Amino acid sequence: MKGQILKALRECDGQLSGQTLSDLLGISRVSVWKHIQSLKSAGYVIEASARGYKLISSPDLLLPYEFTELEQEIHYFSEVGSTMDVARELARRGAREGTIVIAESQVHGRGRLSRQWFSPQGGIYFTFILRPGISPVYAPRVNLMASVAVATTIRNLLGLKTELKWPNDVLIEGRKVCGILAEMEAEMDAVNFVNLGIGINANTSIHQLEDKAISLKDVLGRAISRKELLRALLTEIRQQQPLLMEPALLDEWKKLSATLNKYVQIVVPGEVMVGRAIDIDTTGALIIEGRNGSVKKALAGDCIHLREEARNASSGGGQSAVLNTQDGADSS
Ligand code: BTN
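Residues numbered from 1 in each chain as written. Predicted model: local features only at pLDDT ≥ 70, side-chain atom pairs only at ≥ 80, totals over all residues. Heavy atoms only, no water.

## Considering the overall build of the protein
Here is step 1: For the protein, the count of helices and strands is ten helices and 15 strands.
Here is step 2: Expressed along its principal axes, the backbone C-alpha trace of the protein runs to roughly 80 × 45 × 35 Å.
Here is step 3: Put simply, the protein has 332 residues, and 52% of those count as buried.
Here is step 4: Taking contacts inside the protein between residues at least 6 apart in sequence as the whole, the part at least 24 apart equals 61%.
Here is step 5: Total accessible area on the protein stands at roughly 15,400 Å², and carbon and sulfur atoms take up 49% of it.
Here is step 6: Side-chain charges of the protein comprise 38 positive and 38 negative groups, with the mean position of each set lying 3 Å from the other. (Helix = DSSP H or I, 4+ residues; strand = E, 2+ residues; numbered from the N terminus. Buried < 20%, exposed > 50% of the residue type's maximum accessible area, 1.4 Å probe, protein only. Contact = heavy atoms within 4.5 Å. Areas by Shrake-Rupley, 256 points an atom, 1.4 Å probe, with all protein chains shown as cover. Lys, Arg positive; Asp, Glu negative; His and termini not counted. Charge placed at Lys NZ, Arg CZ, Asp CG, Glu CD.)

## Thoughts on the packing of aromatic side chains
Here is step 1: Taken as a whole, this structure holds one aromatic pair when the rule is applied.
Here is step 2: Taking the centre distance of 6.3 Å and the plane angle of 45° together, the rings of tyrosine 44 and tyrosine 65 count as tilted. Note that tyrosine 44 is positioned in the loop between α3 (29–41) and β1 (45–49) and tyrosine 65 in the loop between β2 (52–57) and β3 (74–77), a separation of 21 residues in sequence.
Here is step 3: In this structure tyrosine 65 comes out as buried when scored by relative accessible area, which is 11%.
Here is step 4: Stacked on the ring of phenylalanine 67, the Lys or Arg arginine 231 has its end atom at 5.9 Å from the ring centre. (Phe/Tyr/Trp six-rings, centres within 6.5 Å; stacked < 30°, edge-to-face > 60°. Lys NZ or Arg CZ within 6 Å of the ring centre and 35° of its normal.)

## Things to note about the sheet that holds strand β7 (residues 169–172)
Here is step 1: Reading across from one edge, β3-β4-β5-β9-β8-β7-β6 is the order of the seven strands in this open sheet, with mixed pairing throughout. The open sheet has two edge strands, β3 and β6 (163–165), and neither has a second partner. Adjacent strand axes in the sheet meet at a mean angle of 20°, parallel and antiparallel pairs treated alike.
Here is step 2: Pairing between β7 and strand β8 (residues 175–186): three bridges, direction antiparallel. Residue pairing in the sheet places valine 170 in a bridge with cysteine 178 of β8.
Here is step 3: The sheet contacts of helix α7 (residues 226–240) involve β4 (100–103), β5 (124–130) and β9 (191–200), and relative to β5 the element is tilted by about 20°. (Pairing = 2+ DSSP bridges. Axes fitted to C-alpha atoms, helices over the stretch in contact; angles between N-to-C directions.)

## Here's the deal with the site of the ligand
Here is step 1: Surrounding the ligand, one finds 20 residues, the nearest of these being Ser82, Gln106, Arg110, Arg112 and Lys176.
Here is step 2: Contact between the ligand and threonine 83: a nitrogen atom at 2.9 Å from a side-chain N or O atom of the residue.
Here is step 3: Here the ligand, which alone exposes 420 Å², has 98% of that area covered by the protein.
Here is step 4: Contributing elements (two or more residues each) for the shell around the ligand: α4 (83–92), β5, β8 and β9.
Here is step 5: At four residues, β8 tops the list of elements feeding residues into the shell around the ligand.
Here is step 6: A class-by-class count of the residues in the shell around the ligand yields seven nonpolar, nine polar and four charged. (Near = heavy atom within 4 Å. Polar contact = N/O pair within 3.5 Å; in protein donor to acceptor, adjacent residues only side chain to side chain. Nonpolar A, V, L, I, M, F, W, Y, C, P; charged D, E, K, R; others polar.)

## Things to note about the state of the cysteines
Here is step 1: According to the stated counting rule, one finds zero disulfides in the structure shown.
Here is step 2: Sulfur of cysteine 303: no disulfide; nearest cysteine sulfur belongs to cysteine 178 and is 16 Å away. (Disulfide = S-S within 2.5 Å.)

## Side note on the side chain of lysine 165
Here is step 1: Residue position: lysine 165 is located in strand β6.
Here is step 2: Note on lysine 165: relative accessible area 3%, which makes it buried.

## As for α4
Here is step 1: Taken together, the buried positions of α4 are occupied by Thr83, Met84, Ala87, Leu90 and Ala91. Within α4, the buried residues cover an arc of 125° as seen down the axis, which keeps them to one side.
Here is step 2: Buried residues in α4 make contact with β3, β4, β5, β8 and β9.
Here is step 3: Sitting at the head of α4, serine 82 places a side-chain oxygen 3.0 Å from the backbone nitrogen of methionine 84. (Arc of directions from axis to C-beta.)

## Brief notes about the nonpolar core
Here is step 1: Within the largest apolar cluster, 59 residues are counted, with the highest numbers of intra-cluster contacts made by Phe126, Ile198, Leu216, Ile266 and Leu286.
Here is step 2: Looking at this core, the element that brings in the most residues is helix α5 (residues 140–158), giving ten residues.
Here is step 3: When residues are assigned to domains, this core turns out to be shared by domain 2 (64–256) and domain 3 (263–328), each giving three or more.
Here is step 4: Leaving out residues up to four positions away in the same chain, leucine 216 has contacts with Ile154, Leu158, Leu160, Ile172, Val177, Ile200, Asn201, Ala202, Arg222, Ile224 and Leu229.
Here is step 5: Ranked by size, the runner-up nonpolar core spans 18 residues in total, among them Leu9, Leu25, Ile46 and Leu63. (Core = buried A, V, L, I, M, F, W, Y, C linked by side-chain atoms within 4.5 Å. Domains from an automatic or database assignment.)

## Regarding the confidence of the model for the protein
Detailed reading of the predicted coordinates is not advisable wherever pLDDT is low.
Here is step 1: Scored by pLDDT, the protein has a mean of 89; 91% of the residues are at 70 or more.
Here is step 2: In the predicted structure, residues 314–332 sits below a pLDDT of 50 and forms 38 contacts with residues beyond four places in sequence or in another chain. (pLDDT = per-residue confidence, 0-100.)

What follows is the structure, given as structure tokens:
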């Protein structure tokens, strides 16, 4: 109902009387008044005069009723441990595909490889529950789909050039603006659910972020509307979903990739691979060509883009030359 009241107030030029709202929405005037009070306490500035209500300003909060047609799917928290934990419980209890957990901040936000994901207010943090009818080997494609969706949305909405770093970072000017974490529960041959966690450095300040990270606010020199960005991103994800198993997804990822044709170092438990990233396969694995022409696949891991000097060091034969060349590595 609040979503509909906001919509009506935004669409009208001047004021809307309590009676008009009550007729429009089929609820009593008292009920209209109660919703208006609740909107005001959430931070909406609504002027009430003899002629009716007028919306003066809205807070940039990711409240469910700001996403009208998705309102019922959204679980909203002003602060939470991690949206991944909430979504996991919901998914295990049978929440349907398209359920979304949003938080304004997280106290235990987590990233890939057991890292912490710093989640102060101003960023965008959410987890989207997917139930794709695919084999678990193709689950990494969900990361590709999400990163393409984020990169496309930022480019279309804000006009910024975005690139993708395998497996699933979104970069602007070579620095990380968005991280994606996919957690899956599956049987041997069928995915039960994949929870897609997305964290975007939106209006976070550069001083709050780690090295090699950047926020949209830093790049643009102004705060962005987080709800507009999230609205566009959720629409984009829903549009990309049917393409999950299509070759077009891989083509899109390749077009946006900052990793392909670069010399990379991939660190997986017990192994370090160094070589040129030449392609991705249909499961989303990165294909790497070593100096000696050997070809390997990385299914997951930490990817470091190597700079020229580190690449040359690697041609000396020893991997250790590369591994110790911290200055030559460009990681995030
Ligand atoms: C990474 O780059 O390491 C992935 C970061 C993923 C962060 C998001 S924020 C929303 C969701 N909740 C979490 O705790 N993590 C993901």
